[in-house]
Amino acid sequence: MLTRRGFVECALCAVMTGFAATAVEAQGQPAGQTSGVTRKILSTEELPGGQYVVVQVAAEIAPDATVARHTHPGIESSVILAGEAELFVDGQPNRTLRAGDSFQIPAVTPHSLRNGSGATRVAGTYTVEKGKPLASPA
């Protein structure tokens, strides 16, 4: 069973320190979480071949919250549904994201997010290696 608490320490996110992707779902309790981030697991699905799991998440980031630097053992693909935030990805220019903008974070690439003055809503899809922590601090 997936838990909602602690899934995203980031936007996305959000960091999910301590989660591990299993055959059909991510399990475990996070070691910590970013305050001001709430998330809801929408679905998990094991991909054919059994090496990867897709986890879909809805997250809301409180005004002025910062999501700590972290990595994922796979690709994060997300879209901003509402609000505005600044995304920091190692090796890429900083980006200001607004409602309707999407972004992709390569596997094992440190990134963080600083939210603007209003709440930001994000829909994220994580395609990650089965059995590995969904996110790790960077």
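Located above this text is the structure these notes cover.
### What to know about the overall build of the chain
Consideration 1: In terms of helices and strands, the chain carries zero helices and 12 strands.
Consideration 2: Ordered by position from N to C terminus, the α and β elements of the chain give β-β-β-β-β-β-β-β-β-β-β-β.
Consideration 3: Considering only contacts in the chain between residues 6 or more positions apart, those separated by 24 or more positions represent 69%.
Consideration 4: Summed over its atoms, the accessible surface of the chain is roughly 6300 Å², and 51% of this surface lies on carbon and sulfur atoms.

### Points about the side chain of His 111
Consideration 1: In this fold, His 111 is placed in strand S10 (residues 111–115).
Consideration 2: Its relative accessible area of 2% is what places His 111 among the buried residues.
Consideration 3: Polar contacts involving the side chain of His 111 include one to the side chain of His 72, which spans 3.3 Å.

### Some thoughts on the pairing of strand S3 (residues 37–46)
Consideration 1: Where S3 lies against strand S4 (residues 52–61), nine bridges are found, and the strand directions are antiparallel. From the neighbouring strand, Glu 45 faces S4, where its bridge partner is Val 54.
Consideration 2: Count of turn residues in the S3/S4 antiparallel hairpin: five residues, of which Gly 49 carries a positive phi of about 100°.

### Considering the sheet that holds strand S7 (residues 84–89)
Consideration 1: Strand order in the open sheet formed by five strands is S8-S7-S10-S5-S12, with antiparallel pairing between adjacent strands. Lying at the two open borders of the sheet, with one neighbouring strand each, are strand S8 (95–98) and strand S12 (136–137).

### Thoughts on unusual backbone geometry
Consideration 1: Even without a glycine there, the phi angle at Asp 64 is positive, about 65°.
Consideration 2: Within the secondary structure layout, Asp 64 lies in the loop between S4 and strand S5 (66–71).
Consideration 3: With a phi close to 55°, Val 108 is a non-glycine residue in the positive phi region.
Consideration 4: Along the chain, the position of Val 108 falls in the loop between strand S9 (102–105) and S10.

### A few points about the pattern of salt bridges
Consideration 1: One pass over the full model with this rule turns up five salt bridges.
Consideration 2: One salt bridge in this structure joins Arg 114 and Glu 86, with 2.6 Å as the shortest N-O distance. One end of the pair, Arg 114, is in strand S10; the other, Glu 86, is in strand S7, with 28 residues separating them in the sequence.
Consideration 3: The exposure class of Arg 114 is partly exposed, given its relative accessible area of 42%.

### Here's the deal with the sheet that holds strand S11 (residues 120–129)
Consideration 1: Here we have five strands laid out as an open sheet, ordered S3-S4-S11-S6-S9, and antiparallel in their pairing. Two strands in the sheet have a free side with no partner beyond their single neighbour: S3 and S9. Put simply, the sheet's adjacent strands are angled 15° from each other on average, direction ignored.
Consideration 2: With 10 bridges connecting them, S4 and S11 associate as antiparallel partners. Bridge pairing in S11 links Val 54 to Thr 127.

Reading the values: rules and limits
Once a new chain begins, its residue numbering starts again from 1 and follows that chain's sequence as written. Where local features are concerned, this predicted model is filtered to residues with pLDDT of at least 70; where side-chain atom pairs are given and counted, the filter is 80 or more; whole-chain, interface and lining totals use all residues. Values reported for side chains reflect all heavy atoms of the structure, with hydrogen atoms and water molecules removed beforehand. Helix and strand definitions here come from DSSP, where helices need a minimum of 4 consecutive H or I residues and strands a minimum of 2 consecutive E residues; each element is numbered from the N-terminal end. Two residues qualify as a contact provided that any one of their heavy atoms is within 4.5 Å of a heavy atom in the partner residue. With residues, only the protein chains shown are counted as cover, and all accessible areas are computed by Shrake-Rupley using a 1.4 Å probe. Throughout, exposure labels follow a simple rule: accessible area from a 1.4 Å probe, protein chains only, divided by the maximum for the residue type, with under 20% read as buried, over 50% as exposed, and the rest as partly exposed. Polar contact is the term for a pair of N or O atoms within 3.5 Å; when the atoms are in protein, one must be able to donate a hydrogen and the other to accept it, and sequence-neighboring residues count only if both atoms are side-chain atoms. Here, any two strands with at least 2 DSSP bridges between them count as paired. Salt bridges, as used here, are contacts in which a Lys or Arg side-chain nitrogen is within 4 Å of a carboxyl oxygen on Asp or Glu. Between N-to-C directions, angles span 0 to 180 degrees; the directions come from axes that are lines fitted to C-alpha atoms, helices contributing only their stretch in contact.

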